[in-house]
Amino acid sequence: MTNNSNRSSTFIDPHLSHRKAQEKEHFSRQADDQPMASLLTIELNITELCNRVCVFCPRVDPKVYPNRNLNMDFSLVDRVADEVVRLGLSCRFSFSGFGEPLLHKGFTEIVSHIRRRCPDNTIEINTNGDRLNASLITELFEAGLTYLYINLYDGPEQRPHFEALVMEAKVPDGHWKLRPHWVGAGENFALTLNNRSGVLNAPEADIGPLAQALEMRCHYPFYKMLLDWNGDVLFCSNDWGRKIVVGNLNDKNLDELWLNPRMLEVRRKLMLGTRDFAPCDKCSVHGTLSGEPSFKCLIRHYVAEGSIATDDLPSDLKNEFD
């Protein structure tokens, strides 16, 4: 199967500059001398439902990834928001995950719950837009949404419809984006299609499990946490097979999960560019196009506490942390 990561490293998604700006803003508000400052994004998988079956998504095969009516409870939403407040984190809440967030019947209320507790944190949603109308968009922003990202899965002909909706809802410029995700969208989708840690096998989209593991670093577990619908915390948002669950937020605190020994084990390997373990051995994600400040923040912490010896650092990091 073609190594899809080559395409990701060749093209630059226009959305990347926005992410870089968010990253810079995060560290302007969060001193990087504490390990929890590295947590840039909490991605929430609030529902296992999706109304689409896309060729570049594991849901294309219901035997691999079936549609399930499983949804996050409000108590868990409150729990993660309260933990962010307790720890004084400026991380963003990102609704994306493995389903379509707007299929959660209480999504607007979920946004309200977080906003009441976290008045200054960014709240964003990635949606296929099929459930959107101007009234709902207005409700979401009134509830406290910061950014609306609409993924265009069909083609450029979707643009006028969604542009009209956000204009009718009077969404301020800069708080919404249309993101091309259709196969063949060229440089605009280069970073958005991957093999979901090897779970996806879609020859028609030239995406599938890797025959040989990439030899490169990955920053994902250094800056992003995925909170599943039931409170499980996955080590990576691309782990659609749920191969590594580090714990559950119902049982442990957020900082305990983020600094879990299993996370250290994974991070030590990825720091060295070693992807010889599941699910990373099948994953096509480039992994270093963002998240470098968080990566260095955690490496600094691990070196300081002695979890990683300076001699074990790769050569390009030894001088920085010696």
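Residues numbered from 1 in each chain as written. Predicted model: local features only at pLDDT ≥ 70, side-chain atom pairs only at ≥ 80, totals over all residues. Heavy atoms only, no water.

Another point: the sheet that holds strand β3 (residues 123-127). One open sheet accounts for 8 strands, arranged β5-β4-β3-β2-β1-β6-β7-β8; its pairing is mixed. Of all strands in the sheet, those bounded by a partner on one side alone are β5 (176-180) and β8 (245-248). Adjacent strand axes in the sheet meet at a mean angle of 25°, parallel and antiparallel pairs treated alike. Of the pairings in the sheet, the one linking strand β4 (residues 147-152) to β5 comprises 5 bridges and is parallel in character. Looking across to β5, one finds that Tyr149 is bridged to Lys177. (Pairing = 2+ DSSP bridges. Helix = DSSP H or I, 4+ residues; strand = E, 2+ residues; numbered from the N terminus. Axes fitted to C-alpha atoms, helices over the stretch in contact; angles between N-to-C directions.)

A word on the nonpolar core. Core analysis: the largest hydrophobic core is formed by 76 residues, its most contacted members being Ile42 and Leu148. Here the element with the most residues in this core is helix α5 (residues 134-143); it accounts for 6 residues. Listed in part, the 13 residues of the second largest apolar core include Phe98, Leu193, Ala202 and Ile207. (Core = buried A, V, L, I, M, F, W, Y, C linked by side-chain atoms within 4.5 Å. Buried < 20%, exposed > 50% of the residue type's maximum accessible area, 1.4 Å probe, protein only.)

Quick look at the pattern of salt bridges now. Side chains bearing opposite charge may pair, as long as their charged atoms lie close to each other. Counted under the stated rule, the structure contains 18 salt bridges. Among the ionic pairs, Lys269 bridges to Asp276, the shortest N-O distance being 3.1 Å. Residue Glu292 pairs with Lys296 through a salt bridge whose shortest N-O separation is 3.4 Å. Here Lys296 and Glu292 lie together in helix α10 (residues 292-305), a separation of 4 residues that amounts to about one turn. Here the salt bridges share partners, and the residues they tie into one network are Glu48, Arg68, Asp228 and Arg242. (Salt bridge = Lys/Arg side-chain N within 4 Å of Asp/Glu carboxyl O.)

Within the secondary structure, Pro35 is located in the loop between α2 (15-29) and β1 (41-44). Judged by relative accessible area, which is 12%, Pro35 ranks as buried. The spatial distance from the C-alpha of Pro35 to the C-alpha of Leu313 is 18 Å, given a sequence separation of 278 residues. When neighbours within four sequence positions are excluded, Pro35 is seen to be in contact with Trp258, Leu259, Cys297, Leu298 and His301. (Contact = heavy atoms within 4.5 Å.)

Moving on, we get to the pairing of strand β2 (residues 92-95). Side chains of β2 alternate between two faces, with Arg92 and Ser94 and Phe93 and Phe95 buried alike. The pairing of β1 with β2 spans 4 bridges and is parallel. Looking across to β2, one finds that Ile42 is bridged to Phe93. The handedness of the β1 to β2 crossover, carried by helix α3 (residues 74-87), is right-handed. Where β2 and β3 come together, 3 bridges link them in parallel fashion. Residue Phe93 lies in a different strand from β3, and its bridge partner there is Ile123. Traced from β2 through helix α4 (residues 107-117) to β3, the parallel crossover comes out right-handed. (Right-handed = clockwise from strand over helix to strand, strands pointing away.)

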